[in-house]
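Observations on the three-dimensional arrangement
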Amino acid sequence: MARTLYLTTLTPVHIGTGNKLQPFDYVVLDSVFHKIDADEVFRTLYEKYPHAADQLLEWIDDTSKEFEKYEKSNKQASQAKKDFTLLSYIEKKINDKELLQTIKNHLKNEEKYVVYSMEYAPTLKRKMEIQEGVKTGSHELYIPGSSLKGALRTILLSSALQNSSSEKKKELSKKIVNKLAGPENIEKLKTKIGTILEEEFFFCGAVDRNGRPIIGDAKYDLMKLLHISDSTSLPSREAGSISTIDLYLKNGKEPQRQAPAVEAIRAGKEFKVTVSFDVEFLFTASSLLQKNDPCFGKTEWIDIEEKVQTLFNLNLRTIEKYTKDELEEFLLSNLLEKINNVSKEMREKEAEWAQVVSENSKSEYKNKAAIMLKFYEQLPPQSIKVGYSSGFYATTLFLPMSHSPELRETEKSLLEKFKIGKTADRRPAAVTKEFSMEKFPTSRRFETQTESISPMGWIAVTAEPLKEAPLLENISLRRETTITVQPNEITAIILEIKSARAALGKIENKEFAGSEVEIRGAHFQNLGITKGSRIVVEVKTQNKKLQSVNFRKKIS
């Protein structure tokens, strides 16, 4: 019987489609990102302006020439590309302000012309490209079963390698070192090294009609015994946000902006997946082995007994002591235990990295790294990384290799062959620095938030819903400070915290004094902002009417 597992996002999660959204595909209004239904917009446009199609082609042609004109000026070219939007076309080429405002109003209300919407923090710098995230046919966010199964495959492989006998590790080491001596190009070599490990632990062998061995046939892959559904889904507006990714350096230097931004599932969102095992096959396999079948385990499904024991801690000879439900429960518990054991080491490595960053960094960067360090300390046992920017330790087997004396030389050979961790000095006659596992990786990609940085892809995988998920936005290093309010600044007092990133406030001064408004643009809980806090805000107006109010800094 299938079991339910709960997936709780602890940090933003991005699983991409490979498609990049351009400025023409979306609009950002009042800190909300809207994917535009271009067909619907053009339908409205052509009804009012039958020749708009010709004008559109003309405008695209003119804009392309403008791009070429500014080819050598990055700043001007960047601005020209940002202006290449559907709303700019209506405003500048059609010059119909009434139609423009009508479309904007529909977008703000998330009605007509909107495919889906997501949060877009005003503190984020505007990006031209946005990496699209996977969604259902109704544009809801979810976690594909294939992504989760891929992460679990790496965890099971890591566990199997680490728990292998010394003889097995030596045998694998020899195979890998021999393969590294070959003439293949680097990418083909990486694939072949991966194949050696997968065939060793996942694939059972077989013999063809001519008596030749078959290794690597997908139908003999033991991971086929594990079935994982796609997760449940959540509306994009409720669960999604646009995340800006920066590259943070271990030496504490200023982070480097990465492009493009990504559509991500926000932290603190719960999904459910169903997990089942092919227990019928396992019972059949046990029966055939005990009957000493002439084929099973000899000419097909060779080494299944040993490999099932290694992967799932299951002895096929004693399987009859379980009912089907009990066996399913045993296998699931074993899977969760392996997640715990492998992810514990990964969490410790990530925490070590954050600690070094904190020690090497200046004030603002140091505080962000310290918040992240506290977050790693609070991660639930069954926490894994999925999707974009999962990182070196979540997607490779170097952690179990580093813990095995029999594989350390193999690890070193792999790192040297693939030039992992080596940094080339660009000065003439300079020598490339040697790899050091203690200093690598030297950088990480994180989502940049107002007061903290967030690693991507952490999710908790649990048999029961998490009572309380540890979220970065709820972790703070609060310090009481006094901030002077400048005469030209607009201040507000918080009336109610509506969510982590939205609050109800009352403007205290200037022409909008007394107005109750929604304030966005910060993780209010992370900043220690509560009911009664005073803050400085930035207001945007149109025709002397308030359009949006965004947080700028805390006063008290």
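Calculation notes
For every chain, the first residue of its written sequence is number 1, and the numbers climb from 1 along that sequence. Where local features are concerned, this predicted model is filtered to residues with pLDDT of at least 70; where side-chain atom pairs are given and counted, the filter is 80 or more; whole-chain, interface and lining totals use all residues. No hydrogens and no water enter the side-chain calculation; it runs on all heavy atoms of the structure. Only DSSP runs of H or I with at least four residues qualify as helices, and only runs of E with at least two residues qualify as strands; both kinds are numbered from the N terminus onward. Each residue is placed in one exposure class: buried if its accessible area under a 1.4 Å probe, protein chains only, is under 20% of its type's maximum, exposed if it is over 50%, and partly exposed if it falls in between. Contacts are assigned to residue pairs with any non-hydrogen atoms lying within 4.5 Å of each other. N or O atoms within 3.5 Å of each other form a polar contact, as long as, within protein, one can give a hydrogen and the other can take it, and as long as residues adjacent in sequence are counted only when both atoms are side-chain atoms. Pairing of aromatic side chains here covers Phe, Tyr and the six-membered ring of Trp, requires ring centres within 6.5 Å, and sorts the geometry by plane angle: under 30 degrees stacked, over 60 edge-to-face, intermediate tilted. Distance and angle both matter: a charge sits over a ring if NZ of Lys or CZ of Arg is within 6 Å of the ring centre and within 35 degrees of the ring normal. DSSP calls a pair of strands paired once it identifies at least 2 bridges connecting them. The quantity called pLDDT is the predictor's confidence in a given residue, expressed from 0 to 100. The definition of a nonpolar core used throughout is a set of buried Ala, Val, Leu, Ile, Met, Phe, Trp, Tyr and Cys residues joined through side-chain atoms within 4.5 Å. Here the axes come from fitting lines to C-alpha atoms, over the contacting stretch only for helices, and the angles between their N-to-C directions go from 0 to 180 degrees. What a helix should span is 1.5 Å times the count of its residues minus one. Each direction from the helix axis to a C-beta atom contributes to the arc, which is the arc of those directions.

1. With respect to the overall build of the chain
Summing up its helical and strand segments, the chain has 16 helices and 26 strands in all. Expressed as a percentage of its 556 residues, the buried residues of the chain come to 48%. In the chain, once contacts between residues fewer than 6 apart in sequence are set aside, the share between residues at least 24 apart is 72%.

2. Points about the side chain of S404
Relative to the assigned elements, S404 resides in the loop between helix 15 (398–402) and helix 16 (408–417). A distance of 3.1 Å separates a polar atom in the side chain of S404 from a polar atom in the side chain of K169.

3. Considerations on the packing of aromatic side chains
In this structure the tally under the stated criterion is 10 aromatic pairs. Seen from their ring centres, F277 and F312 are 6.3 Å apart, and the 85° between their planes marks the pair as edge-to-face. Within this pair, whereas F277 is found in strand 16 (residues 270–277), its partner F312 is found in helix 11 (residues 304–312), the two being separated by 35 residues in sequence. Taking the relative accessible area as the measure of exposure, F277 reaches 7% and is therefore buried. Three or more aromatic residues link up through ring pairs in this structure, and these residues are Y220, F281, F296 and W301. Above the ring of F202, the side-chain terminus of R153 is found at 4.3 Å from the ring centroid.

4. Overview of the pairing of strand 3 (residues 26–29)
In the sheet, strand 3 pairs with strand 4 (residues 32–36) via four bridges, with the strands oriented antiparallel. The residue of strand 4 that forms the bridge with V28 is F33.

5. Topic: the environment of L45
Summarising the element assignment, L45 is placed in helix 1 (residues 38–48). The spacing of L45 and L99 is 54 residues in sequence and 8.5 Å in space, taken between C-alpha atoms. If near-sequence neighbours (up to four positions away) are discounted, L45 is found in contact with A52, Y89, I94 and L99.

6. Re the pairing of strand 19 (residues 443–448)
Summarising the sheet, strand 13 (residues 245–249) and strand 19 pair through five bridges and their orientation is antiparallel. What sits directly across from L247, in strand 19, is R445. Pairing analysis gives three bridges linking strand 19 to strand 20 (residues 453–455), with the strands arranged antiparallel. Note that in strand 20 the partner of F446 across the bridge is P455.

7. Observations concerning the confidence of the model for the chain
Low-pLDDT portions of the prediction should not be read for the details of their coordinates. With 87% of its residues at a pLDDT of 70 or more, the chain has an overall mean of 84. Overall, residues 424–432 carries pLDDT values under 50, and its contacts beyond four positions in sequence, including any with other chains, amount to five contacts.

8. Let's talk about unusual backbone geometry
Backbone phi values are negative for most residues with the exception of glycine, while trans is the configuration of most peptide bonds. Unusually for a residue other than glycine, N292 sits at a positive phi of about 55°. Relative accessible area serves as the criterion here: at 54%, N292 is assigned to the exposed category.

9. Here we look at the nonpolar core
By size, the foremost hydrophobic cluster in this structure holds 110 residues, and its most contacted members are L282, I304, L314 and I384. Discounting chain neighbours no more than four positions away, the residues touching L314 are L282, V308, Q309, I319, Y322, L327, F330 and L331. Counting 21 residues, the second largest nonpolar core, distinct from the first, contains L86, I90, I94 and L107.

10. Focus on the sheet that holds strand 26 (residues 545–554)
The mixed closed barrel is built from five strands, whose spatial order is 22-23-24-26-25. Strand after strand, the sheet turns through a mean of 50° between neighbouring axes, direction not considered. Pairing of strand 23 (residues 502–507) with strand 24 (residues 516–520), which is carried by five bridges, proceeds in the antiparallel orientation. Note that in strand 24 the partner of A503 across the bridge is I519.

11. Considering helix 10 (residues 279–290)
For helix 10, with 12 residues, the first-to-last C-alpha span of 17 Å sits near the 16 Å given by 1.5 Å per residue. Among all positions in helix 10, only V279, F281, L282, A285, S286 and L289 are buried. For helix 10, the angular spread of buried residues about the axis comes to 155°, placing them on one side. Elements in contact with the buried residues of helix 10: strand 16, strand 17 (300–302), helix 11 and helix 12 (324–360). At the exit of helix 10 stands N292, carrying a positive phi of roughly 55°.

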